[in-house]
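Observations on the model geometry
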Amino acid sequence: RVHYADAGSLEQRRAPPATVYFVAFPNFDNGKDLQRLRRNYFVVSVKSYERSGYSIPVYTMRRKPPRAAAIAPYLQRMASGTMQNPASGLRGRPRTAP
């Protein structure tokens, strides 16, 4: 079963789909919607369908991992002490709030 949703409605969902298909229709400005989707999805493949002189690309997109999951390995290395804190090598006096 196919459901239509625009980029804005996907961003507002509590549980956005893991895979979406973006159909880039001819004679439409698809750039803004595709750019908006790329904030939360990456392009897996693009397949072009042709008929009667028209070509319609269909982008298969997968949801990116949440930002917290993306930085988790970095935080684990920091916590375990296997990675030096970049701020520890700074020189000068610490700034204080006015």
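Above this text sits the structure in question.
So, here is what we can say about the structure in this document. (Residues numbered from 1 in each chain as written. Predicted model: local features only at pLDDT ≥ 70, side-chain atom pairs only at ≥ 80, totals over all residues. Heavy atoms only, no water.)

**Focus: the pairing of strand β1 (residues 19-23)**
Covered by surrounding structure in β1 are Val20 and Phe22 only, the residues Thr19, Tyr21 and Val23 on the alternate face being uncovered. Direction of pairing for β1 relative to strand β3 (residues 54-63): antiparallel, over a ladder of 5 bridges. Counted as the bridge partner of Val20 is Met61 from β3. (Buried < 20%, exposed > 50% of the residue type's maximum accessible area, 1.4 Å probe, protein only. Helix = DSSP H or I, 4+ residues; strand = E, 2+ residues; numbered from the N terminus. Pairing = 2+ DSSP bridges.)

**With respect to the packing of aromatic side chains**
Following the criterion strictly, the structure yields 2 aromatic pairs and no others. Look at Phe25 and Phe28: their rings are 6.0 Å apart centre to centre, the planes differ by 55 degrees, and that puts the pair in the tilted class. A relative accessible area of 59% means that Phe28 is categorised as exposed. (Phe/Tyr/Trp six-rings, centres within 6.5 Å; stacked < 30°, edge-to-face > 60°.)

**Here we look at the pattern of salt bridges**
Inspection of every chain in the model, using the stated rule, returns 2 salt bridges. Glu11 is the partner of Arg36 in a salt bridge, and the nearest nitrogen-oxygen pair spans 2.9 Å. Taken together, the residues Arg36 in helix α2 (residues 31-37) and Glu11 in helix α1 (residues 7-12) connect sequence positions 25 residues apart. Measuring nitrogen to oxygen at the nearest pair gives 4.0 Å for the salt bridge that ties Arg39 to Glu11. (Salt bridge = Lys/Arg side-chain N within 4 Å of Asp/Glu carboxyl O.)

**Structural notes on the nonpolar core**
In this structure, Ala7, Leu10, Val20, Phe22, Ala24, Leu34, Leu37, Tyr41, Tyr59 and Met61 together form the largest nonpolar core, which totals 10 residues. Taken together, the elements giving at least two residues each to this core come down to α1, β1, α2 and β3. In this structure Leu10 touches Ala5, Pro16, Pro17, Val20 and Leu37, once residues within four positions along its chain are discounted. (Core = buried A, V, L, I, M, F, W, Y, C linked by side-chain atoms within 4.5 Å. Contact = heavy atoms within 4.5 Å.)

**Focus: the pairing of β3**
Here strand β2 (residues 41-51) runs beside β3; their pairing, made up of 10 bridges, is antiparallel. Among the inter-strand pairings, Glu50 is bridged to a residue of β3, identified as Ser55. Counting the residues between successive antiparallel strands, the hairpin from β2 to β3 contains 2 residues, one of them, Ser52, with a positive phi of roughly 50 degrees.

**As for the sheet that holds β2**
Read across the sheet, 3 strands follow the order β1-β3-β2 without closing on themselves; strand pairing throughout is antiparallel. Looking at the sheet topology across the chains shown, the edges are occupied by β1 and β2. Neighbouring strand axes in the sheet, compared pairwise and without regard to direction, differ in orientation by 20 degrees on average. (Axes fitted to C-alpha atoms, helices over the stretch in contact; angles between N-to-C directions.)

**Things to note about the environment of Pro16**
Note on placement: Pro16 falls in the loop between α1 and β1. The sequence separation of Pro16 and Arg63 amounts to 47 residues, and the corresponding C-alpha distance is 8.2 Å. Among residues more than four places away in sequence, those in contact with Pro16 are Leu10, Tyr41 and Arg63.

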